[in-house]
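The residues making up each chain are set out below.
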Amino acid sequence: MTLYKSNLTKTTKLHYDYTSRVIKEYFGGKPLQEIKRHDYQLFLNNFGADKLRNC
């Protein structure tokens, strides 16, 4: 984020921080190269389902 995006609005930064925190909580300390397509899809399904429940 700091390497490629330097002029972020406060709202965008908060969104990025939230997303980063959720990803870290879900995958823990698992190295990126060990996260498979199936794992990531499960994360997206879980993350999206949570968003739908809050609408």
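To be clear, the structure that these remarks concern was listed above.
Residues numbered from 1 in each chain as written. Predicted model: local features only at pLDDT ≥ 70, side-chain atom pairs only at ≥ 80, totals over all residues. Heavy atoms only, no water.

K.L.:
Teacher, can you tell me more about the overall build of the chain here?
P.N.:
Tallying secondary structure elements over the chain gives 2 helices and 0 strands in all. Looking at the 55 residues of the chain, the share that counts as buried comes to 5%. For the chain, the accessible surface area stands at approximately 5,100 Å², while carbon and sulfur atoms represent 57% of it. (Helix = DSSP H or I, 4+ residues; strand = E, 2+ residues; numbered from the N terminus. Buried < 20%, exposed > 50% of the residue type's maximum accessible area, 1.4 Å probe, protein only. Areas by Shrake-Rupley, 256 points an atom, 1.4 Å probe, with all protein chains shown as cover.)

K.L.:
What exactly am I supposed to notice about helix α1 (residues 10-27) here?
P.N.:
Given 3.6 residues to a turn, an α-helix orients residues that are three or four positions apart in the same direction. Between the first and last C-alpha of α1 there are 26 Å, a value that for 18 residues agrees with the 26 Å anticipated at 1.5 Å per step. Positive backbone phi, at 60°, marks G28, one or two positions downstream of α1. (Expected span 1.5 Å × (residues − 1).)

K.L.:
I keep staring at the pattern of salt bridges and nothing clicks. Help me out?
P.N.:
Any two side chains of opposite charge can pair, so long as their charged atoms come close to each other. Per the stated rule, a full pass over the model turns up 3 salt bridges. With a shortest N-O distance of 4.0 Å, R21 and E25 are connected by a salt bridge. Taken as a pair, R21 and E25 lie in helix α1 at a separation of 4 residues, close to a single helical turn. In this structure, K30 engages D39 in a salt bridge whose closest nitrogen and oxygen atoms are separated by 3.4 Å. (Salt bridge = Lys/Arg side-chain N within 4 Å of Asp/Glu carboxyl O.)

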